[in-house]
Structure formats: structure tokens, C-alpha cells
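The primary structure of each chain is shown beneath.
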Amino acid sequence: MDLFTGGHSGCRGCGAAIAMRQAMQALGPRTIMVIPASCMATIGGSGLKTAWNIPFYHSLFACAPAVASGVRAALEIRGIEGVKVVSWAGDAGTADIGFQALSGAAERNEDIIHVCYDNETYMNTGGQAGGTTPLSAWTPDTPAGKPTKPKDMPALMAAHRPEYLATASIAYPRDFIEKLKRAAEVKGFCYLHVLAPCHRGWGIREEETVEMARLAVECGLWILYEERQGRQRLTVVPEKRLPVREYILRQQRFRECREEDIEALQAEVDQRWQRMAAGAGGEELG
Ligand code: SF4
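Residues numbered from 1 in each chain as written. Predicted model: local features only at pLDDT ≥ 70, side-chain atom pairs only at ≥ 80, totals over all residues. Heavy atoms only, no water.

Enquirer: How do you make sense of helix H9 (residues 209-218) when you look at a structure like this?
Expert: At 3.6 residues per turn, the α-helix brings residues three or four places apart onto the same side. All of the buried residues in H9 are Thr209, Met212, Ala213, Leu215, Ala216 and Val217. Where the residues of H9 are buried, they touch helix H1 (15-27), strand E7 (164-169), strand E8 (190-195), helix H8 (199-202) and helix H10 (244-248). One or two steps after H9, the chain reaches glycine 220, where phi turns positive at roughly 85 degrees. (Buried < 20%, exposed > 50% of the residue type's maximum accessible area, 1.4 Å probe, protein only. Helix = DSSP H or I, 4+ residues; strand = E, 2+ residues; numbered from the N terminus. Contact = heavy atoms within 4.5 Å.)

This is the structure in C-alpha cells:
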């Protein structure tokens, strides 16, 4: 049985919905989902008109990880075992408005999985810029392009030393599903950050959602890795990295991006990739 069914209320080709359908293959029916304000809160619907076949809880914007912590505590008090508790938030509910609750849950090492589905804008409220919006991206409130760089959320969460941390992309479902399965086996706080493009916010066609998520990995802008006990491993290594230009020029949101911005971004990606490749290697995590 599909645990997150078709016929949901998301836009056709929505990266967030694709991410959730992939995730439910890994998590299975004994899962409780906590979702704050976000596109995902509306995509799944509620009451009799819902795409969910598992229990879900709509929390306030700022507190999904805190609510998930409470759900876990309630399960423990009642002696119910074998249930995965997931707080699933967009980039706003993770990197900005929800960050204090997320940081607290990570610091307490709550036995929950937090998944950030990142479409790099506040799409539920009209596509405003947020903490993970890329430099130079057009949004309604950055009409000349975003003047600041995005937060590196996985790095911020790595500083909390979670039991397990990984990045993922909807273009690599097997990689994402394997990582979620690993997180589900771990006791303690786990963090996954999945790139889930929004065609409306990114200015691409709806059938290009997955292709753009793949291109982000192929040009080295989005690095797929996992981290456990301080050890990092790259899980997907592009055979030959494509120029970031190929990714940037395909998206309307980068229409204000100048040639020198693209060159600076390429240099940054090259440096980061070398750093990551040197540090992470191909070592298997225990
Ligand atoms: S606006 Fe974007 S994230 Fe929201 S439902 Fe539509 S495609 Fe998905």
C-alpha cells in the first residue's frame, strides 16, 4: 500500500511530494510524521481528504522537532516500541523559523529523524528568500538577486554531532532511501537534508524537477554524503563534474546572475569539492 498516495494537493511535478513518496518507501507504516507550516503541510491534505496512510501531526511553524520529541516521549511512556518519529520540514521550518527547536532536539539527542526538504525558498507563502536561498537567486523580495550566500545547513547540523547525518537528492532515490533506512536503525538524533526543487520557485518546467536535482549533483553544487561518528563518506561521485553554468542558465531564478557571479560560484564549488573529496574519501561508515 502507498503510504503517501497519488492524488495529493501538490503541484504536478512537485519535488517535495516526490521526496515524500520516496521516503515512505524507506520508513514504512510504523511511522509518525510531524509537519510544520510548509507546502508539505498542505500537499498531504487533512481529515477525509488526505494522501497520508500513516498518522501525521501538523505542528506550528517553529516547533516540529519539539513536537516530535514529545511524540517520542509519549510512545516511551506508553511502552510502544518500533515506531519511527519523523519531523519533516521545509527549509524555512529547518534553517530559519524552526532552527531553535531543531537545534534543541539535536542537542538533547532526541530519538527522532529530522528531514529537511529543501526547495531553497518559502514556497508556501509566495516564494520569498530564506536562509538556504542561493546567492543571486531572484525571489519576490530579492528582485535584483539575493545578495547573500546560503547557510550550509548540513554543516550547521554536523556541529551538533548527530548520531547520523546525510544529504540526499530526489534524483537519486536509491541513495536517499538507503540513507533513511540507516537513520531508522539508529537510536538518537538523525538529520537528513534532501534537495527537492520547486519548479514554480526555480523557474523551470514541471517535467524538469528531477533533472535539475540531478544536475545540481552532477555539477558538484549539491554533494551527496553521509556522516557518522565524525566520519564522512561521499555516496555519489559524478564521473565528470559539469560546469555550474549548465545548472544556473537553465533556471529563470538566476536571471540576474552575472558572468562574474557564475565564475565565483564555480571557484567556490571547485574548492569545496576538493575539500570534501580529500576529507570524506570512499571510506565505509560503520
Ligand atoms: S509551490 Fe513548489 S513546493 Fe509547493 S506544492 Fe507547488 S511545486 Fe511543490
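Enquirer: I'm lost on the packing of H1 against helix H7 (residues 173-185) in this one. Help?
Expert: The relative placement of two packed helices is expressed as an angle between their axes plus a distance between the axes. The N-to-C vectors of H1 and H7 enclose an angle of 45 degrees; their axes lie 8 Å apart at closest approach. Judged by the angle between their axes, H1 and H7 are oblique. Judged by the twist between their axes, the crossing of H1 over H7 is right-handed. When H1 is examined against H7, the residues Ala19, Gln22, Ala23, Gln25, Ala26 and Leu27 are found in contact with a partner set consisting of Pro173, Phe176, Ile177, Leu180 and Lys181. Of the residues assigned to the contact of H1 with H7, the class counts are eight nonpolar, two polar and one charged. (Axes fitted to C-alpha atoms, helices over the stretch in contact; angles between N-to-C directions. Parallel < 35°, antiparallel > 145°, perpendicular 65-115°, else oblique. Left-handed = near helix turned anticlockwise from the far one by under 90°. Nonpolar A, V, L, I, M, F, W, Y, C, P; charged D, E, K, R; others polar.)

Enquirer: Sorry if this is basic, but what is going on with the pattern of salt bridges here?
Expert: Two side chains bearing opposite charge may form a pair once their charged atoms approach each other closely. Taken as a whole, this structure holds 20 salt bridges when the rule is applied. The salt bridge involving arginine 250 is made with glutamate 208; its shortest N-O contact spans 3.2 Å. In this pair, arginine 250 sits in the loop between H10 and helix H11 (259-280) while glutamate 208 sits in the loop between H8 and H9, placing the two residues 42 residues apart along the sequence. The partner of arginine 250 in a salt bridge is glutamate 211, and the shortest N-O contact between them spans 2.9 Å. Taken together, the residues arginine 250 in the loop between H10 and H11 and glutamate 211 in helix H9 connect sequence positions 39 residues apart. (Salt bridge = Lys/Arg side-chain N within 4 Å of Asp/Glu carboxyl O.)

Enquirer: Sorry, what's going on with the site of the ligand here?
Expert: Surveying the vicinity of the ligand reveals the residues Cys11, Cys14, Cys39, Ile43, Asn119, Met123, Cys198, His199 and Arg200. Those elements giving two or more residues to the shell around the ligand turn out to be helix H2 (39-43) and H8. Of the residues assigned to the shell around the ligand, the class counts are six nonpolar, two polar and one charged. (Near = heavy atom within 4 Å.)

Enquirer: Please explain the pairing of E8 as it appears in this structure.
Expert: On any regular strand, side chains alternate: one points to one face of the sheet, the next to the other face. Of all the six residues making up E8, six are buried; the element is thus mostly covered by neighbouring parts of the structure. Of the two faces of E8, the one carrying Cys190, Leu192 and Val194 and the one carrying Tyr191, His193 and Leu195 are both buried. Across six bridges, strand E6 (residues 113-118) lies against E8 in parallel orientation. Paired with histidine 114 across the bridge in E8 is tyrosine 191. By the bridge criterion, six bridges tie E7 to E8 in an arrangement that is parallel. What sits directly across from alanine 166, in E8, is leucine 192. In this fold, the crossover linking E7 to E8 by way of H7 has right-handed handedness. (Pairing = 2+ DSSP bridges. Right-handed = clockwise from strand over helix to strand, strands pointing away.)

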